Amino acid sequence: MLKKLLTMILSLIVLITIPINVLACGPVTTQKLLNRKVDTNIFKTYYSASPTTWNPVATMQTNDILLLANLHDTLLENNRDGDLIPDLLTDIGSLSDDSTTYSFTFRDDAAFFDELGTKVKAIDGKDFLNTAMYVLNPMNVSQVISTWTSVVFNAQTVSDIYQLDHEQNQNKSAYDVSNNPQALMLLEEAIIIDEDNPKTVSLKLAQPTPYFRSYLTSFAFSPTPTKALFASYNYGIKAKEVWTTGPYLIKSYQTSYLLKLVKNPAYFAVNQVFINQIWFQFLANLDIARPRLLFETGDYSEVWLQPSDHYGWKKYVGTDFNHPKFSGLTNILNPTLGTRYLSFNFFNTETALDNEKYQGRNNIKYQQGVESNFALSLDSVRTLIAFAMNRSLFVRYFSEPFDNGLPYSKFLRNTFNPGGHLKGNDGLDYQDYLQDAYNQLFNSTAVSLVDGQEIFYQNSQLLSPSGNEIITDVTARSLLAQAKPFEALIQQVRSDLTGSGYEKGVSLTMLMSGVYNSTWNIYLQDMIDTFNVITNNLVKINAKRTMNDSDYQASQLQGNFSMFLTGWGPGFLDPLAFLRTYIIQGDMANYFGLSRIINQVNFNKQNQTSLDQLVINSNYLNSFFDQSYAYKLLAHFVDYTNQVNAADQIADSAQKTIRYQQFATAEANLLYSYKLLMPFYVPDGTTKTLLTYIDESTRSHVGFGNSDKRYVGVKMLHSLKEVKINLLSVIEVNIVLNNKEN
């Protein structure tokens, strides 16, 4: 059925796209493409979702950062060699010997620009203080708040003061809350502006943080003008009202159509901006072939060839990836350090309608919410999804040409933190420590966690993690003793569900973006359908499709679904960059429902916490007939949070091995014991195969921060005939350089 459906869709795509090639003066042959000359002053690319904000310190959305990275500078960046270099600063700054204070100076010519490119203010330390005042005030709804609270001295206390001030003074403006005298006093203890030179700042950190500089290649610590404090969360709704600091200005913007950026002539490094304009063209429906076709017709300056574009892959790559048919290809190792994973949504909500939904108790949305909350609180249900979901049925969409007929996709990922970029004092990779933690958790050495292996599907070890036995039902335990793990798990799920009145089972929803209905959603649906037909399975998964990526992003925060595929990439180089996302008050807590479950937390990360220190949403608790299930789930989060915070207290560089080992233990519990999320695949595979007019030797390929999205110093080629080098070795050098202690 899947093969027939794919054939029909691919045929339709071919029929639809034939006229494009005809309009381009006949078929685009590889020889024509190789010889074609382009204007190196304009780089044309695409985006798939309108920005949620134009304010750089309000977002951590990848689609937003793609558009903002050339409008706003960061404090530091990584150059093409992978080295940290100053951006808005005079140099890379200095860390104190104990790594608890970072001192830096803004360059004299760093400035804010208005929409016309006029310099409106020189940047100084007060603008950095503004960032703290903006981000830490919950009224401004900044997504990077947890970055500040986790690393900056007094930041969590300041945020709590802001929250209390707002709750006690509902009519008080966000600006007035941000200027709370008690909060400002604490901020001025952490952010010390030099009286003689207001461009020089000393930032006190919450604890020793030797990797702190790697934070500064992202927007979280970029300067903010005072006008943002007045505008609060409205700052960023209109692009023209946001002051920029970067190498480009907005020339024109038509929503969901075209964003044109033009070189900023007043930018301090304008002589390093070689591309005069960048055009971001909106691509609403990402069918398999369309980006490649638009490159062939000259509408795009770059396309990442996808193996699932069978015609394009055959045309340019052929059957031997190491010896591609087209000489104008650029192959580089994919430096992306991100991970795509399945995120559960533990509190099925409707945001503004929560009270009506959960207190009315008389509508279908209430029933769906209750089912989802209960089912996902069960260790047995989350284990069933991990054990019985064949990820390769979906991931092969991206990896099929590389799989060589293997039963599992080579792009499968089995860890949250990717391997290969973090090493302890003993020279071992972080993934080695995680492998040891897995082995100890299951008292086994039979499973390898490396990418491309299948360690979840039908892995019976997942049923018996040390300290968290999944199989407790008598009949299920008997089946497990008979070496029937699948039957045992199905029985355990049945026992848990029927014991709470769900004899007919439960229905969960997976959120999908309709943009991909003709591409990977087909494979995703096949994976779901295969799960749903498991004999005696009382857990069914249904697709919930949005119209486009913008709706998809909005739905994630709305919360009325059970699970979705998402991704995370590090903002700095440490295991904490990933593991912090799933702690209480972590970076992704809004997306998997924890911030909606826990209204208040009365603890700090220097101390162990317990369930009685949590103020829990009554709607969530009351959706359970037996609240013990809810408390068991929350106990997992408390335990995991304590483990991560304890590991983070080990901040001495000489004890990096111990730090990494403890983080690895926490990650093993997160993924393989508690199963609070499920790693899925390596985003975009292991290698980029590009048709591009960018001279890749001039572009940064660092896998964290914003640097690889910026075009300062980047040059274009006149034709694909100029592509003469394969950059595998260059990227390997970059990855090594990024491991340097900065």
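It should be noted that the structure appears before, not after, this text.
Residues numbered from 1 in each chain as written. Predicted model: local features only at pLDDT ≥ 70, side-chain atom pairs only at ≥ 80, totals over all residues. Heavy atoms only, no water.

Novice: What should I look at first to understand the sheet that holds strand β1 (residues 42-47) in this one?
Specialist: Strand pairing in a sheet takes place through backbone hydrogen bonds and is either antiparallel or parallel in direction. Strand order in the open sheet formed by four strands is β1-β12-β11-β10, with mixed pairing between adjacent strands. Either end of the sheet is taken by a strand with one partner, and the two such strands are β1 and β10 (248-254). Neighbouring strand axes in the sheet, compared pairwise and without regard to direction, differ in orientation by 20° on average. The sheet contact formed by β10 and strand β11 (residues 258-263) spans six bridges and is antiparallel. Looking at the pairing, S252 lines up with K260 of β11. (Pairing = 2+ DSSP bridges. Helix = DSSP H or I, 4+ residues; strand = E, 2+ residues; numbered from the N terminus. Axes fitted to C-alpha atoms, helices over the stretch in contact; angles between N-to-C directions.)

Novice: Honestly, empty space enclosed by the protein in this entry has me stumped. Any pointers?
Specialist: Rolled over the atoms, a probe sized like a water molecule indicates the empty space that remains. Per the stated rule, a full pass over the model turns up seven cavities of 30 Å³ or more. Taken as a whole, the second largest cavity encloses approximately 90 Å³ of empty space. Together, 13 residues line the second largest cavity, and P307, F398, F411, D684 and T687 are the ones closest to its centre. Elements with a contribution of two residues or more to the lining of the second largest cavity: α15 (392-403) and β22 (687-692). Residue composition of the lining of the second largest cavity, grouped by class: seven nonpolar, five polar and one charged. (1 Å grid on protein atoms, 1.4 Å probe; cavity = no way out; pocket = protein on both sides within 12 Å on 5 of 7 lines; lining within 4 Å. Points joined across faces, edges and corners; volume = space filled by probe spheres on them. Nonpolar A, V, L, I, M, F, W, Y, C, P; charged D, E, K, R; others polar.)

Novice: I keep staring at helix α13 (residues 364-377) and nothing clicks. Help me out?
Specialist: It helps to recall that an α-helix has 3.6 residues per turn; residues three or four apart then point in one direction. For α13, which comprises 14 residues, the first-to-last C-alpha distance of 20 Å matches the rise-based estimate of 20 Å (1.5 Å per residue) to within 8%. A large share of α13 lies buried, amounting to 10 of its 14 residues. Every buried residue of α13 is accounted for by Y366, G369, V370, E371, S372, N373, F374, A375, L376 and S377. (Expected span 1.5 Å × (residues − 1). Buried < 20%, exposed > 50% of the residue type's maximum accessible area, 1.4 Å probe, protein only.)

Novice: Honestly, the sheet that holds β22 in this entry has me stumped. Any pointers?
Specialist: A sheet is described by the order of its strands in space; here three strands give the open sequence β13-β22-β14, paired in antiparallel fashion. Of all strands in the sheet, those bounded by a partner on one side alone are β13 (302-304) and β14 (330-333). Within this sheet the neighbouring strands show an average axis-to-axis angle of 30°, counted without direction. Relative to β22, β13 is paired through three bridges, and the arrangement is antiparallel. Opposite W304, over in β22, you have L690 as the bridge partner.

Novice: For this particular structure, what's the right way to read the pairing of strand β18 (residues 563-568)?
Specialist: Remember that side chains alternate between the two faces of the sheet whenever the strand is regular. Of all six residues in β18, five are buried; the element is thus mostly enclosed. Two elements, strand β15 (residues 339-344) and β18, share six bridges in a ladder whose sense is antiparallel. Residue pairing for β18: R340 is matched across the bridge by G567. Relative to β18, strand β16 (residues 506-513) runs parallel, the two being bridged by two bridges. Note on β18: the bridge partner recorded for M510 is M563.

Novice: Teacher, can you tell me more about the pattern of salt bridges here?
Specialist: Pairs can form between side chains of opposite charge whenever their charged atoms are close. Scanning all chains against the criterion turns up 22 salt bridges. The network of salt bridges with common partners includes D73, E77, D87 and R710. (Salt bridge = Lys/Arg side-chain N within 4 Å of Asp/Glu carboxyl O.)

Novice: Can you help me understand the environment of K126 in this one?
Specialist: Considering the arrangement of structural elements, one finds K126 in helix α4 (residues 125-135). C-alpha separation for the pair K126 and I490, spaced 364 residues apart in sequence, amounts to 59 Å. The residues touching K126, leaving out its near neighbours within four places in the chain, are M133, I193 and T226. A distance of 2.3 Å separates polar atoms of two side chains, one belonging to K126 and the other to N130. (Contact = heavy atoms within 4.5 Å. Polar contact = N/O pair within 3.5 Å; in protein donor to acceptor, adjacent residues only side chain to side chain.)

Novice: What is the right way to read the packing of aromatic side chains from this model?
Specialist: Two aromatic rings are characterised by how far apart their centres lie and by the angle between their planes. One pass over the full model with this rule turns up 57 aromatic pairs. Ring geometry for F104 against F128: centres 5.2 Å apart, planes inclined by 70°, an arrangement best described as edge-to-face. Of this pair, F104 sits in strand β5 (residues 101-105) while F128 sits in helix α4, and the two are 24 residues apart along the sequence. On the accessibility criterion, F104 (3% relative accessible area) is buried. (Phe/Tyr/Trp six-rings, centres within 6.5 Å; stacked < 30°, edge-to-face > 60°.)

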